[in-house]
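The residues making up each chain are set out below.
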Amino acid sequence: MELIDYMRKRNQMTENEWENSFDKKEQEILVLRHEGDVTSKRNGFWEVAVCCLGYIDCETGELHKEECRFVFAASEKEYENHLIPEFDKEIVYHLKVCEKLPEELPEIMIKRIDFLLVDVIEKNVQSPELEEILAEYKKPIIIEDDILGELLYDRTINSFEGHITWLDKNIDISLDVDKDNKSGITKARKAMKELYLSAEKWDVNMRTFAAKKLIDLARDWCESEEEAAKITEESFAKRITIESISMTSGGSFTAYFNDDDIFAGHCITVGGSLKKGITSASMGG
C-alpha cells in the first residue's frame, strides 16, 4: 500500500469506523507518559495520540520497553475551544484500553503499538520497572569531538547541540540526526567539521550570497529612499553576523544570521550543502 493511499483511507474514516479498527476486548495497562502528542484531523473528529515510553500488561505483568501511544477521539468543539484532555509528562497512568487491530501499512512506515483509551483508572502509579525506563531515557547522551567539542543530544528536536568558535565568535551548532542513527551521526560530524575548518571561506560566501539575494528586499524594508540608497551589497554583507549552523547527515546545512536590524530583527537564513555550495537565502521569522 502506498503512503498517500493509506493516509487518505485514514482521513476518510468516520469516528465509528475508526473505533472499529481496535479490538473490542478491553485490557488494563500501566503506561509511562512521554512528551509529545499528535493531533490528526479525521472525518468529523480529531484523533489525539499521547506518546508513551513503555507499558506493562496488568494481566500478565509483562514489561514492554518499546514506545507506544494511547489514542482517543475529540470533537470539533473540543478541538476549537482547547478542551482536549491533557496528560502530565513522565508519570505512570493506569488505563483501560483496547489494542489496535493488525493492519496493512506502507513499507515506509514503522509499525507502532496504539491503544484506544477507554478509561483512566489511576494517575501517578508507582512502577519501579517503568521508572527505571524513564531514568535510563533521561540520562544525557553526549558526544565528545576533538574539534566540535561537547555535543549534547536534545530529545525534543532529535539533534545534537553544541557550540564552536567561528571566526572569533561563539555560535551554536546542531547535528540534525537521531541518536540511534550511528552512521548518520558520523556523517553529520564529518560534514560540520569540514564546514568549520573552512569557516573563513564559507562565512564570506554566505554573507555575499545573502546580500546579493536579499538586497532588493532589504531596500523595500527601508522607510525612505534615502535610507534605501545607503544599503549596498557590500554594506549588507558586512552588517550581518552568523549565530548558528545546523547540519544534516547528507551534508546539507542551514546558517542563521543576525540581520543587524536590516529586517527589523528578523533572522536571515542561508542554506546549501558541501557538494552544491550555497543555494538559498531568505528572511526568516
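Every value quoted in this text rests on a predicted model; they were computed, and no experiment measured them.

1. Description of the overall build of the protein chain
Next, step 1: Secondary structure assignment for the protein chain yields 8 helices and 14 strands.
Next, step 2: In summary, the protein chain has a C-alpha radius of gyration of 25 Å against a globular reference of 19 Å for 285 residues, an excess of more than 25%.
Next, step 3: A principal-axis box enclosing the C-alpha atoms of the protein chain has dimensions of 70 × 45 × 35 Å.
Next, step 4: Within the span of the protein chain, comprising 285 residues, buried residues form 41% of the whole.
Next, step 5: On the protein chain, roughly 16,600 Å² of surface is accessible, and the fraction owed to carbon and sulfur atoms is 47%.
Next, step 6: Averaging the locations of the 37 positively and 59 negatively charged side chains of the protein chain gives two centres separated by 4 Å.

2. Some words on the sheet that holds strand β7 (residues 142-145)
Next, step 1: Within the open sheet, the 8 strands sit side by side as β7-β8-β9-β10-β11-β12-β13-β14. Their pairing is mixed. Only two strands of the sheet have a single partner each, and these edge strands are β7 and β14 (277-283). On average, each strand axis in the sheet is tilted by 25° relative to the strand beside it, whichever way the strands run.
Next, step 2: Summarising the sheet, strand β12 (residues 252-258) and strand β13 (residues 268-273) pair through 6 bridges and their orientation is antiparallel. Paired with T254 across the two strands is G271, which belongs to β13.
Next, step 3: Helix-sheet contacts for helix α5 (residues 182-197) involve β7, β9 (159-166), β10 (169-175), β11 (241-247) and β12, and the interaxial angle to β11 is about 155°.
Next, step 4: Set on the sheet, helix α6 (residues 199-220) makes contact with β9, β11, β12, β13 and β14; between it and β14 the angle comes to about 45°.

3. So, the environment of E67
Next, step 1: With respect to the element layout, E67 can be found in the loop between β3 (63-64) and β4 (68-74).
Next, step 2: E67 sits in the exposed class, given a relative accessible area of 52%.
Next, step 3: Measuring from C-alpha to C-alpha, the distance between E67 and V204 comes to 45 Å, with 137 residues separating the pair along the chain.
Next, step 4: Apart from the residues lying within four places of it in its own chain, the contact partners of E67 are C52 and L53.

4. Points about the pairing of β11
Next, step 1: A large share of β11 lies buried, amounting to 5 of its 7 residues.
Next, step 2: Bridge count between β10 and β11: 4 bridges; the pairing is parallel. Along β11, the bridge assignment pairs D172 with S244.
Next, step 3: Inspection of the sheet shows β11 paired to β12 by 6 bridges, in the antiparallel sense. Bridge pairing links I242 to F257 in β12.

5. With respect to the packing of aromatic side chains
Next, step 1: Summed over the entire model, instances satisfying the criterion amount to 11 aromatic pairs.
Next, step 2: Here the aromatic rings of Y55 and F115 are separated by 5.0 Å at their centres, their planes lie at 75°, and the arrangement is edge-to-face. Within this pair, whereas Y55 is found in strand β2 (residues 46-57), its partner F115 is found in strand β6 (residues 113-123), the two being separated by 60 residues in sequence.
Next, step 3: Under the relative-accessibility criterion, Y55 is labelled buried at 5%.
Next, step 4: Positioned over the ring face of F22 is K100, at 4.9 Å from the centre of the ring.
Next, step 5: Taking the ring centre of Y137 as reference, the NZ or CZ of R155 above it sits at 4.4 Å.

6. Examining the environment of I245
Next, step 1: Residue position: I245 is located in strand β11.
Next, step 2: The sequence separation of I245 and S174 amounts to 71 residues, and the corresponding C-alpha distance is 6.5 Å.

7. Considerations on the nonpolar core
One broad rule of soluble globular proteins: the nonpolar side chains tend to lie buried together.
Next, step 1: In terms of nonpolar packing, the biggest core is built from 42 residues, with W166, M206, F236, I245 and I268 touching the most fellow members.
Next, step 2: With 8 residues, α6 is the largest single contributor of residues to this core.
Next, step 3: Sequence-distant contacts of I268, defined by excluding residues within four places in its chain, comprise A210, L214, F236, I240, A255, Y256, F257, D259, F263, S282 and G284.
Next, step 4: In terms of nonpolar packing, the next biggest core, distinct from the first, is built from 20 residues, I29, A74, V97 and I113 among them.

8. Some remarks on the pattern of salt bridges
Next, step 1: Enumeration over the complete set of coordinates arrives at 16 salt bridges.
Next, step 2: E90 serves as the salt-bridge partner of K138, at 3.3 Å between the closest nitrogen and oxygen. In this pair, K138 sits in helix α4 (residues 128-138) while E90 sits in the loop between α3 (76-80) and β5 (92-99), placing the two residues 48 residues apart along the sequence.
Next, step 3: Judged by relative accessible area, which is 37%, E90 ranks as partly exposed.

9. Here's the deal with the environment of W46
Next, step 1: Along the chain, W46 falls in strand β2.
Next, step 2: Taking the relative accessible area as the measure of exposure, W46 reaches 12% and is therefore buried.
Next, step 3: In this structure W46 touches T39, S40, K41, F72, A73, A74, S75, E76 and Y79, once residues within four positions along its chain are discounted.
Next, step 4: Polar side-chain contacts of W46 include one of 3.2 Å to the side chain of E76.

Reading guide: rules and limits
- Residues numbered from 1 in each chain as written.
- Predicted model: local features only at pLDDT ≥ 70, side-chain atom pairs only at ≥ 80, totals over all residues.
- Heavy atoms only, no water.
- Helix = DSSP H or I, 4+ residues; strand = E, 2+ residues; numbered from the N terminus.
- Rg over C-alpha atoms; globule rule 2.2 N^0.38 Å.
- Buried < 20%, exposed > 50% of the residue type's maximum accessible area, 1.4 Å probe, protein only.
- Areas by Shrake-Rupley, 256 points an atom, 1.4 Å probe, with all protein chains shown as cover.
- Lys, Arg positive; Asp, Glu negative; His and termini not counted.
- Charge placed at Lys NZ, Arg CZ, Asp CG, Glu CD.
- Pairing = 2+ DSSP bridges.
- Axes fitted to C-alpha atoms, helices over the stretch in contact; angles between N-to-C directions.
- Contact = heavy atoms within 4.5 Å.
- Phe/Tyr/Trp six-rings, centres within 6.5 Å; stacked < 30°, edge-to-face > 60°.
- Lys NZ or Arg CZ within 6 Å of the ring centre and 35° of its normal.
- Core = buried A, V, L, I, M, F, W, Y, C linked by side-chain atoms within 4.5 Å.
- Salt bridge = Lys/Arg side-chain N within 4 Å of Asp/Glu carboxyl O.
- Polar contact = N/O pair within 3.5 Å; in protein donor to acceptor, adjacent residues only side chain to side chain.

The analysis is restricted to geometry; functional conclusions fall outside its scope.
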